[in-house]
Amino acid sequence: MKTITKYLLVVFASVFFVGLNSCKKSFLEIEPKGYLIAKNTMDYDQILNASDIMIAFMASAYQGDEVGLQEKFFDGVGRRLQRLFRHEDRVYQPDELPVEITDAGSYVNRLYLFNKVINEVMESQGGTEEQKSNILAQARVGRALCNLMFLNDFSLPYDPATASQLLGIPLITAADVTQRKFERVTIQESYDFVIRDLTEAIPDLGPVKHRRKFSKAAAEFFLGRVYLYMGQFEDARKHIDNVFAELDKANIALALYDYNDVLAPGGEWGADMDFGFGPSNKPLDANNTEILYNVVVNTFHYASANAVVISPETAALYNESDKRLALYSDTELFGSYIFPKGMRRYPGFSSNAGPSVPDLYLMRAELKARAGDLNGAASDVEYLRAKRMSDDIEVPANIASDQNALVKFILDERIREFPLTGLRWLDMRRLSVDPIFKHTLTYKHNIYNEEGNVVHTYTLRPERFALKFGERMLSENDGLVENQ
């Protein structure tokens, strides 16, 4: 059986059994040919409720230049993570399949569900045209997000000079478990398809009601992110402004937390800072007011919990008043070893890679700075910093008055806000083709010994901004072409 088809079948079967176990009368039935059947409009709504995107051990979480690795714990790190960290050409053995494709919550699995809704919901029974259009729009956002994540793993960054020649991803538009051929289109065609899905979805979407339901704000955010990845900053700014306009319309709370309060001794999150897994009362993603739509990234594994750390260079970006470091542990899990030179591990089980309020402010700040609105950019980044720091909130005057320096400051602020979450790698991808800022990246990873000294260095080559599919993936899917 072909690999991609196989994992579409897995999600097809999973949703069927979820329906059996959660309802007295299943809304999904299997015909003899093996097709997933939904008839009523609300059946398709239920399919979307079962289609949250949850990524385990996402590759980007280990590839950004903010990441370091501890030699003391290196032996506990699995082969895949070691190879990702070393930016190797081969991540998977010849008989292995990429978990980016095969993981239970992966974007390829979810494409089956979103395509099924897109192709069938308008002909469903019992719903109004408005309900059907809204469900269709949500599914289009879901498909766009899946394809964007697929692009981030298996295509090179968008460069207008090469996007029409280099390969992107196969565009899967049918909910067809018998599909056998998966030919890649160009990067330009791939991005155009994502933009079209999001653009067509937005008019039929509503306000933010739940952090696992697609809204107009989430779609506008993803569209802004796509244009940012493409270097089309004016278009990106328009859509990010649209997200801000949606915040006050939300049916749930959306706001920044003030770390000066919630992380204070006795604060709301109950953090005593002598933690193993993180502040005990930090809200779950479903209740986190900073999240607009939750894309769960599971990165915690006991064997590697102490190995992956913020590098000393990243630690040096924070000043003493920055409360964000309180969310990261400077001490070995289940041990007493203290990481040297400011290195810290991420103590949580998962992070959010979806639309968030802090990301909104930092994206708008960067876009304002790139457009020459230096005062507006500084104001946005200082608003965020006031919620994260007790002192030194202002952007230094010599930086605030220099466009390129201010953009670089905001990019560094993104590192301070999102270390070890995978978002830095996505920034590196777009910045690697930016003529002004590509030289600001650190194209290397270091392994550090117990004293914090570098013992191994690995250099990132441009080709490795895209993962390879591997031999087994190629052999089991007709028409799939390997990356260099």
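Residues numbered from 1 in each chain as written. Predicted model: local features only at pLDDT ≥ 70, side-chain atom pairs only at ≥ 80, totals over all residues. Heavy atoms only, no water.

**Considerations on the pattern of salt bridges**
Our working definition: By salt bridge we mean one thing: a side-chain nitrogen of Lys or Arg within 4 Å of a carboxyl oxygen of Asp or Glu. Strands here mean DSSP runs of E at least two residues long; helices mean DSSP runs of H or I at least four residues long; both are numbered from the N terminus. Summary of the burial criterion: residues with accessible area below 20% of their type's maximum are buried, those above 50% are exposed, and those between are partly exposed, where the area comes from a 1.4 Å probe applied to protein chains only.
According to the stated counting rule, one finds 36 salt bridges in the structure shown. Note that Glu413 and Arg324 form a salt bridge whose closest N and O atoms lie 2.6 Å from each other. Within this pair, whereas Glu413 is found in helix α15 (residues 403-417), its partner Arg324 is found in the loop between α11 (312-315) and β9 (350-352), the two being separated by 89 residues in sequence. Each member of the pair, Glu413 together with Arg324, is buried.

**Here we look at the packing of aromatic side chains**
This is how the line gets drawn: When the centres of two rings from Phe, Tyr and Trp lie within 6.5 Å, Trp using its six-membered ring, the rings pair. Their planes under 30 degrees apart give stacked, over 60 give edge-to-face, and anything left gives tilted. Should the NZ of a Lys or the CZ of an Arg lie within 6 Å of a ring centre and within 35 degrees of the ring normal, that charge is described as sitting over the ring.
With the rule as written, the count across this model stands at 15 aromatic pairs. Ring geometry for Phe73 and Tyr337: centres 6.0 Å apart, planes at 55 degrees, overall tilted. Taken as a pair, Phe73 in the loop between β4 (67-70) and α3 (79-85) and Tyr337 in the loop between α11 and β9 lie far apart in primary sequence, 264 residues in all. As far as the burial class goes, Phe73 and Tyr337 line up, both buried. Ring centres of Tyr328 and Tyr346 lie 5.3 Å apart, and the angle between their planes is 55 degrees; this geometry places the pair in the tilted category. Here the residue Tyr328 occupies a position in the loop between α11 and β9, and Tyr346 occupies one in the loop between α11 and β9, the gap between them amounting to 18 residues. You can call Tyr346 buried: its relative accessible area is 17%. Aromatic rings pair up to connect Tyr107, Phe150, Phe154 and Phe469 into one cluster. The ring of Tyr337 carries the charged tip of Lys72 above its face, separated from the ring centre by 5.1 Å. When the ring centre of Phe409 is taken as origin, the NZ or CZ atom of Arg416, which lies over that ring, is 5.2 Å away.

**A few points about the layout of surface pockets**
One way to see where empty space is left: roll a probe the size of a water molecule over the atoms. Going by this rule: Put plainly, a pocket is an open set of points on a 1 Å grid over the protein atoms alone with protein on both sides within 12 Å along at least five of seven lines, a cavity is a set where a 1.4 Å probe fits but cannot get out, and a lining residue has an atom within 4 Å of a point. Grid points are joined across faces, edges and corners, and a volume is the space filled by probe spheres set on the points. Ten residues, namely Ala, Val, Leu, Ile, Met, Phe, Trp, Tyr, Cys and Pro, are considered nonpolar, four, namely Asp, Glu, Lys and Arg, are considered charged, and the remaining ones, Gly among them, are considered polar.
Taken as a whole, the second largest pocket encloses approximately 270 Å³ of empty space. In this structure, the second largest pocket is lined by 19 residues; those nearest its centre are Asp65, Ser311, Glu313, Thr314 and Thr442. Contributions of two or more residues to the lining of the second largest pocket are made by α11, α15, α16 (423-431) and β10 (444-448). Split by residue class, the lining of the second largest pocket holds seven nonpolar, six polar and six charged.

**Structural notes on unusual backbone geometry**
In this structure, Asp392 takes a positive phi of about 55 degrees despite not being glycine. Examined against the element boundaries, Asp392 turns out to sit in the loop between α13 (374-386) and α14 (397-400). Residue class for Asp392 comes out partly exposed when judged on its relative accessible area of 44%. In this structure, Leu420 is a non-glycine residue whose phi angle is positive, near 60 degrees.

**Quick look at the side chain of Arg143**
Test applied: For this analysis, a polar contact is any N or O atom pair within 3.5 Å, provided that within protein one partner can donate a hydrogen and the other can accept it, and provided that sequence-adjacent residues contribute only side-chain to side-chain pairs. Here a residue-residue contact requires only that any non-hydrogen atoms of the pair lie within 4.5 Å.
The topology assignment puts Arg143 in helix α6 (residues 129-154). By relative accessible area, Arg143 is classed as buried at 6%. Polar side-chain contacts of Arg143 include one of 2.9 Å to the side chain of Asn115. Excluding residues within four positions of it along the chain, Arg143 makes contact with Leu111, Phe114, Asn115, Ile118, Ile172, Thr173, Phe193 and Asp197.

**Some thoughts on the nonpolar core**
To be explicit about the condition: Definition of nonpolar core: a set of buried residues of the types Ala, Val, Leu, Ile, Met, Phe, Trp, Tyr and Cys, connected through side-chain atoms within 4.5 Å.
If you look at the biggest cluster of nonpolar residues, it comprises 139 residues, and the most contacted ones within it are Tyr191 and Leu198. Residue contributions to this core peak at 13 residues, all from α6.

**Remarks on the confidence of the model for the chain**
Counted only if it meets this: By definition, pLDDT measures how confident the predictor is in each residue, and it falls between 0 and 100.
Averaged over every residue, the pLDDT of the chain is 88; residues scoring 70 or more account for 88%. Across residues 7-35, where pLDDT falls below 50, the model places 45 contacts with residues more than four positions away in sequence or in other chains.

**Here's the deal with the pairing of β10**
Looking along a regular strand, one sees side chains alternate from face to face of the sheet. Selection criterion: When DSSP finds two or more bridges between a pair of strands, those strands are recorded as paired.
Counted residue by residue, β10 has four buried out of five residues, so it is predominantly covered. Of the pairings in the sheet, the one linking β4 to β10 comprises two bridges and is parallel in character. Across the sheet, Leu69 pairs through a bridge with Ile447, a residue of β10. For β10 and strand β11 (residues 454-459), the ladder comprises five bridges, and the chain directions are antiparallel. Directly across from Tyr448, in β11, lies its bridge partner Val454. Linking β10 to β11, which pair antiparallel, is a turn of five residues; within it Gly452 sits at a positive phi near 90 degrees.

**Structural notes on the environment of Asn251**
Take Asn251: it is sitting in the loop between α9 (233-247) and α10 (259-262). Note: C-alpha distance between Asn251 and Pro207 (44 residues apart in sequence) is 6.9 Å. Not counting residues within four places of it along the chain, the set of residues in contact with Asn251 comprises Pro207, Val208 and Lys209.

**Examining the sheet that holds β11**
So the rule is basically this: Each axis is a line fitted through C-alpha atoms, and for a helix only the stretch in contact is used; angles between axes span 0 to 180 degrees, taken between their N-to-C directions.
The sheet built from four strands is open, its strands ordered β8-β4-β10-β11 with mixed pairing. The open sheet has two edge strands, β8 (308-310) and β11, and neither has a second partner. Direction aside, neighbouring strands of the sheet carry axes that sit 35 degrees apart on average.

**Considerations on the environment of Leu111**
In this fold, Leu111 is placed in helix α5 (residues 107-120). Remark: the alpha-carbon pair of Leu111 and Gly142, spanning 31 residues in sequence, is separated by 7.9 Å. Those residues within four positions of Leu111 in sequence are excluded, and the remaining contacts are Arg143, Cys146, Asn147 and Ile172.

**A look at α13**
The following threshold applies: To estimate how far a helix should extend, the number of its residues minus one is multiplied by 1.5 Å.
Helix length check: α13, at 13 residues, gives a terminal C-alpha distance of 18 Å against a target of 18 Å (1.5 Å per residue), a fit within 8%. Those residues of α13 that fall on the buried side of the exposure criterion are Leu374, Gly376, Ala377, Ala378, Asp380, Val381, Leu384 and Arg385. As for α13, its buried residues are in contact with α12 (357-370), α14 and α15.

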